[in-house]
Amino acid sequence: MAYSLLIIVTPFILFLVLGLLGMKMKPVIAGIIGTLGMAFCAILAYTVAYQYFFGIGKTNGEWLTQIPLNFEWLRFTENLHIDLGILLDPISVMMLVVITTVSLMVHIYSLGYMKGETGFQRYFAFLSLFSFSMLGLVIATNIFQMYIFWELVGVSSYSLIGFYYTKPSAVAASKKAFIVTRFADLGFLIGILILSYYTKTFDFGLLTADHAGLVTTSMAGGTFMGLSIATWAMALIFMGGAGKSAMFPLHIWLPDAMEGPTPVSALIHAATMVVAGVYLVARLFPVYSFAAPDVLEMIAFIGAFTALFAAVIAITQTDIKRVLAFSTISQIAYMLAALGVSGYGDHEGLGYMASMFHLFTHAFFKALLFLGAGSVIHAVHSNEMDHMGNLHKYMKITSWTFFIACLAIAGIWPFSGFFSKDEILAAAFHHNPIVFWTLWIVAGLTAFYMFRLYFRIFWNGKREYNEHHKPHESPWAMALPLIILAVFSVFSGLIPFADFISSDNIPFHTHIDWTVAGMSIAVAVIGIGIAFALYFKDSKQPAKIAQSLGIFYKAALHKFYLDEIWMWVTKTVIFRYICEPIKWFDRHIIDGSMDGLAWTTQKVSTSIKGLQSGQVQFYAWVFVAGSILIAVLVLFI
Amino acid sequence: MNILSLFVVVPVVMIIALFLSKEMKQIRTVMVAGASILVLLATILTVQFLQLRAAGADAEMLFVSSTVWYAPLHIAYTVGVDGISVAMLCLSAIIVFTGVFSSWNMNMAKEYFLWYCLLSVGVFGFFISIDLFTMFLFYEVALIPMYLLIGLWGTGRKEYSAMKLTLMLMGGSAFLMIGIIGIYYASGHTTMNLLDIAQLHIPLEYQRWFFPATFLGFGVLGALFPFHTWSPDGHASAPTAVSMLHAGVLMKLGGYGCFRVAIYLMPEAANELGWIFLILTGISVVYGAFSAVVQTDLKYINAYSSVSHCGLVLFAILMMNQTAMTGAIMQMLSHGLMTALFFALIGLIYGRTHTRDIRKMGGLMKIMPFASVCYVIAGLASLGLPGLSGFVAEMTIFVGSFQHADLFHRVLTITACCSIVITAVYILRTVGKILYGPVQDEHHIGLPDAQWYEKVSVVCLIIAIAFIGMYPFGVSDIISNSLDPIIAKLTY
Amino acid sequence: MIQMEYYLIISTLMFFIGIYGFITRKNMIAILISLELVLNAVEINFAVFNRYLFPGQLEGMFFTLFGIAITAAETAVALAIIINAYRTIGNIDIKNLSKMKE
C-alpha cells in the first residue's frame, strides 16, 4: 500500500506549486488545481480505507497495523531517531477519510466563498499545506513525527487565521492561536523527552505494544514530586493535546481563531486540527490506560468540565461563528471525556470507540454547520445574530442543511450525532456517574444553544431586508458541499463503528442502551423545546431571562473573563514584570558595567596623562631626581 | 597546493584584484567571481571529503598539511578538516557569497570590500587551521576589519559600537591568549598542533585554570551571558553584510573554538567546571529570548535572538554527549543561515523605510510581498518550524541534553526548552507589527520590493535553510561521525 | 702631573651645571648651551680616562673626537630648528613651542 504515500505527497506538491507559482496563475485556475488535487487525495484515501478494511481485512479477528513505509529521517542516538513513515490502522484510516472528505468539501466551497478575494491563490496554497500537515499527523508512525506535523498544522492554522492580514484583529487572533498552542506544545515536547528517555523509543508500535509494557517497566518506581514519572510524561503529552484541542484553560485561542475565513474555520477549527488532541490520546491510549490511569481520569474530568463550561458560554454568544466555536470546544471535550472514562479491551473500551465515533460524525455535522454559517455570512455580510432572522425564506438549501446538522449535533434519532453521543453517554454511565450527569446536562444545553442559533438565523420574526442587499441562496459551489455533508450527517451514524474501531483493535458488539438513549433524547427535546419557545418568534422573553440571571449571564457573556486573565498574565506579568526589568537590567547593569569598565579606564588614563607632557625638561628633571633617589638608596641602604 | 589553503588564497587574490580594479563594475565582478569560487571550493571540498570518508579514510582530520613558520615555539601553519570544519566552511562560503549581494550598492565599495575580503581570510583561516597559534592569528585577523567596517560604514552610534565590540572581543582574546599559551606549556611545550596536544595529557590543576580562560575567551565571541552586550550594539550599527557575516559566521567562531579547543583539549576540567558555564549559557538562552520580546529595533530583536540561539550552541556543547554536540553544530549552521537571512532582510527593509523601529512600520506585506514572505520564513525558521533548519537543530539539542539523568541537567534542559515559546512570542510580535496590519506610514506606500541582487542573496539562504531542514540526516551524519574521536576523548 | 681627580671634579661640575641649565632655562639657546656643557663634560671624561687608565690605547680619544663631531652636527641642526621656530613664532621661549604638540 505504498501508494498511500501519495496522499500526503500530493498536497505538499500542491502547496509548492500554488505557493511559488500561484501568483502567476489566474485565481480560478489555482483554485481548480487545488481542488482537483484534493479530490485525487480523497479518492486515494477511500481506496486505502477500502483496501484496509475489506481488502486486507482482519488477521485472527484483529485489525493489524500496517506500516507500508518508514525511513529514518534524523538520528539522535542509537535508539532514538525520528522516522518518517506511514502507519495505517483503523483510527488513522478513519482520519484519512475524514480529513480528505472535509478538506475536499471545503476546497469546493471555497471556490465560491473566496471568489474575488485578493490572495485567492495563497489561500489555496495554505489549504494544501494544512491538508498535508494534518494527513502527515494522522499517519505518523512515531511520536516525534506527530510532533513535527503537529507544529506544521499549527503554522498552517496561523497562516489561515491571519489570512486577512491587514485586519489587526485577525493578526492578533492568529498570533494568540499560535502562541497558546505553542505553549501547550512545550508540554508535549517535554513529555516526549521524558517518555523517550525511559523507553528509548519514539515508536508508537513499541510504546503501545503489550499493554504498554515497555512504558510501565522502564518507568517503574520512578517518582517526581509525589507523582510517578509515567504520570508526568503522559500528563505533559496531554497538555499538548489540550492546547490543540482547546481544552480549558487553553481554549482561549479557538473563539478568536474565527477571524479566519469561514471555510477555514470549518476545516481546521471544527473538523480536523482541533481533534488532533483527541487523536493523540487515542493513539497512545494503551499507554494512558495502563501506565497512567490517573491522567486518564484527569482527562475525563477536564473533558466533562470543559464541555459544560463551553456550552454555557455558547448560550450567551451572539456572533454565530463564536457560538459554533464554543460548541466545537464543548463537543471535543465530549470526545476527550469519553476517552477518559474508557477502559481497555472489548466492552470496557466502549468509550474509546464512542470517542472516535463522535469524532467521525462531529467532523461532518460541524463542518456543515460552519459552512452553513459561512453561507449565511456570505448572504448578510455580518456575523451577528442581530442582523439576521427570517432567512429561511431566502435560503432554502442552507436552512434545511443547517437544520439537519442541528438535529445531528443535538443527538436526535436517527441522525448521526445520536449514535455517537449515545455511546459516549453509555460509556460514561457505566464508569463515572459525575461525568455522565455533566455530559447529560451538556447534551441538553447543546440542543438548546444550537436551536437558539438556528431559530435566530432562519426564523425569529419577519425581518425584512434592504432591497439592494436582499439575501440570496449561495452559488452551487457552496451549496453542493452543504448537501453532500448533510447526507453524511444523516447517515454516517449508521455505520457499525465497533466493527472497525475498538481500543484493542478487536471488533465487539454494541447495542443501543435505551435507558441512556431515552434520557439523552429527552433532554435534547427539552432543550429544543425551550429554544423553540424563546426564539422561534421574535420576543422579549430571552432578554428578560438574561436580565434575571444578572451577574451569571454577564460572566458567561464575557467568557468568564478568562481572556482578560490570560491577557493580564501575558501583558502585565510577562511583558511588564519580566521582560521590561530584564531589558532594563541588560541596558543598565550588564551593559552599564561594561561601559563602566571602559569609563574607569578612560578616567584613570586622563588623570595620569599629565605625566606625559612631552616637555623634555620635565622628563629630565624626573630622570635626575630619580637617579639621585636611587643613588641615595643604593648608598645608604 | 592543498585545497584548504585555497580558501585563504582566494580572498587574498581578491584583495589584490580589488586594488587593481577601478570602477564599480569591476569591483562587483571581482567580488562575485571570488565569492562564487569560494562556494565552488566549499562544494568540491565537501564532495571530496565525503568520497574520502566513504573510501575508508578514517583519520580524524583529512587534507592535513603542515608548514612550520616559527620553529622555536613549534608554530606551524597546519591545516586539516573534519566534518565539522567542512560544515563550517560551507556555511562561511554561503554567507560570504550572499553578503556580497547584500552590499551591492555600498559607497566606498573598494575599501569596503577590501576589508570584507580580509575578514573572510580570517574566517576561513580559522576554520581550516588546526594549529593553536595559527588559529588564534586568523581569529585576530577576522576581528580587526570588523572595527573598520562598523566604524566607517555603519549607521547610528557607529564609533561607539565599533569600539565597544572590538574592545570586548579583544578582552576575550586576552583570555584566549592566556589559555593558548597555557595549553602549550602545560602540555609540555612540544607542539601547537591540536591533534598532537589532544594525545598528550594536560594535568588537571592546569586545566582548571586554562579551561575557563579559553572557554571565556571564545565564549565572549559566542555572546555568552554576561559578555553579550557588544552584540546588540554592534549588530545595530553594522552595515547589512557585516551583520550577516558577523552573526552568521563570526559568532560561530566562538562556539567552534569552545568546542575544538576548550572542551576537546581539556575534557576533565570541562566535566568539573562545566556546570558554571552551563548555568551561564542556560541564562543566555532564556534571558536573550526575554530581552528580545520588548525590543523595538529590528536589529536589536535579532541580536538578542542571536544571544539566545548562540547560547543554545554553547549550552549543547557543554552537555558533552554526542547527540547534544551534533545538535550544537547543527544549530551553528542553522543559526548562521537564518540570522544572515534576517539581517539581509532587515537591511533591505531599512534601506527603503529608513527606520528599524517596529512601531513605525506596518503592513509591509502589501508593499513588499517578496521581502515580507521571506521575513516570515526566516521567522518560522527561527521559532523552529519543522522542515526548516531550526527545528532539527533544536530538537537534537533537547533530546541530547535530556539524556543526562540528573536533575540539574534536566531542569536546565527544560528551561532551555521554554525558549521556544518565548521565541514564538517575539517573532510573531515582530512579524505581526511590521508585516501585517494596515500600512502605518503612508510614505512607505510604493516602496519597491527586493531587487534582483537582494533576491539572489535571500533565496540562496532560504534554500540552504530548507535543505538542512528537510535533509537533516545527511548533515547530522557527517557531523556526528566527526564527533566520534572527540567523544572518545571525553569519556577517557 | 695633575691628578685625575681634578679633571673629574671639573667635568662633574660641568655636567651638573649643564643638567641644571637644561632643566631650568626657558630660552632654547640657553638649553642648547647647557646641553653642550653636559656633552663636553662627558668628552672630558673620555679623554681623561683614556689618558690615565689605558695610556697605551686611543679609543677614548677617538670617541671624544667622534663626540665633538656629532655635537657640532647636532648643534647645527638645533640652531636651524631654533631659527625656524624664531621665524614662525617670533621668539625662542620654550613655553611657546608646546603648541607643536597639538
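Since the model is a prediction, treat every value here as computed from it, not as a measurement.

### Concerning the interface of chain B and chain A
At step 1: Counting residues at the interface gives 39 residues for chain B and 37 residues for chain A.
At step 2: Where the side of chain B that touches chain A is concerned, the elements lending two or more residues are α6 (158-186), α11 (267-293), α14 (364-367), α16 (389-401), α17 (407-434) and α19 (472-490) of chain B.
At step 3: No other element matches the nine residues that α17 of chain B contributes to the side of chain B that touches chain A.
At step 4: Across the side of chain B that touches chain A, the residue classes tally to 27 nonpolar, eleven polar and one charged.

### Describing the interface of chain A and chain C
At step 1: The partner chain C presents four residues to the five residues of chain A that form the contact.
At step 2: Residue classes in the side of chain A that touches chain C are distributed as three nonpolar, two polar and no charged.

### Side note on unusual backbone geometry
At step 1: Residue P249 of chain A is bonded to the preceding F248 of chain A through a cis peptide linkage, with omega at 0 degrees.
At step 2: Looking along the chain, the bond that leaves F225 of chain B and enters P226 of chain B is cis, with omega of 0 degrees.
At step 3: Along the chain, P226 of chain B falls in the loop between α8 (204-221) and α9 (230-237).
At step 4: Positive phi outside glycine occurs at A223 of chain B, with the angle close to 55 degrees.
At step 5: Following the sequence through the fold, A223 of chain B ends up in the loop between α8 and α9.
At step 6: For A223 of chain B, a count of 29 C-beta atoms within 10 Å corresponds to the buried category.
At step 7: In this structure, H354 of chain B is a non-glycine residue whose phi angle is positive, near 60 degrees.
At step 8: Summarising the element assignment, H354 of chain B is placed in the loop between α13 (322-353) and α14.
At step 9: Taking the C-beta count within 10 Å as the criterion, H354 of chain B has 11 such neighbours and is therefore assigned exposed.

### Quick word on the pairing of strand β1 (residues 66-75) of chain A
At step 1: As paired strands, β1 of chain A and strand β2 (residues 81-88) of chain A are joined by seven bridges and run antiparallel to one another. Counted as the bridge partner of L69 of chain A is I86 of chain A from β2 of chain A.

### A closer look at the nonpolar core
At step 1: If you look at the biggest cluster of nonpolar residues, it comprises 435 residues, and the most contacted ones within it are V281, A337, A367 and L439 of chain A together with A87, L341 and L345 of chain B.
At step 2: The dominant element in this core, judged by the number of residues it contributes, is helix α15 (residues 350-380) of chain A, at 19 residues.
At step 3: Core analysis: the next-biggest nonpolar cluster, separate from the first, contains five residues, I19, I31, L32 and L35 of chain C among them.

### Side note on the environment of S607 of chain A
At step 1: Here S607 of chain A is to be found in helix α23 (residues 562-609).
At step 2: Considered as a pair, S607 of chain A and V264 of chain A are 343 residues apart in the sequence and their alpha carbons are 71 Å apart.

### As for the confidence of the model for chain C
At step 1: On average, chain C scores 87 in pLDDT, and the residues at 70 or more come to 95%.
At step 2: If you check the scores for this complex, the pTM reads 0.87 and the ipTM reads 0.91.

Definitions and limits used
Residues numbered from 1 in each chain as written. Chains lettered and ligands numbered in written order. Predicted model: local features only at pLDDT ≥ 70, side-chain atom pairs only at ≥ 80, totals over all residues. Contact = placed C-beta atoms within 7 Å. Helix = DSSP H or I, 4+ residues; strand = E, 2+ residues; numbered from the N terminus. Nonpolar A, V, L, I, M, F, W, Y, C, P; charged D, E, K, R; others polar. Buried ≥ 20, exposed ≤ 12 C-beta atoms within 10 Å, placed from the backbone. Pairing = 2+ DSSP bridges. Core = buried A, V, L, I, M, F, W, Y, C linked by C-beta atoms within 7 Å. pLDDT = per-residue confidence, 0-100.

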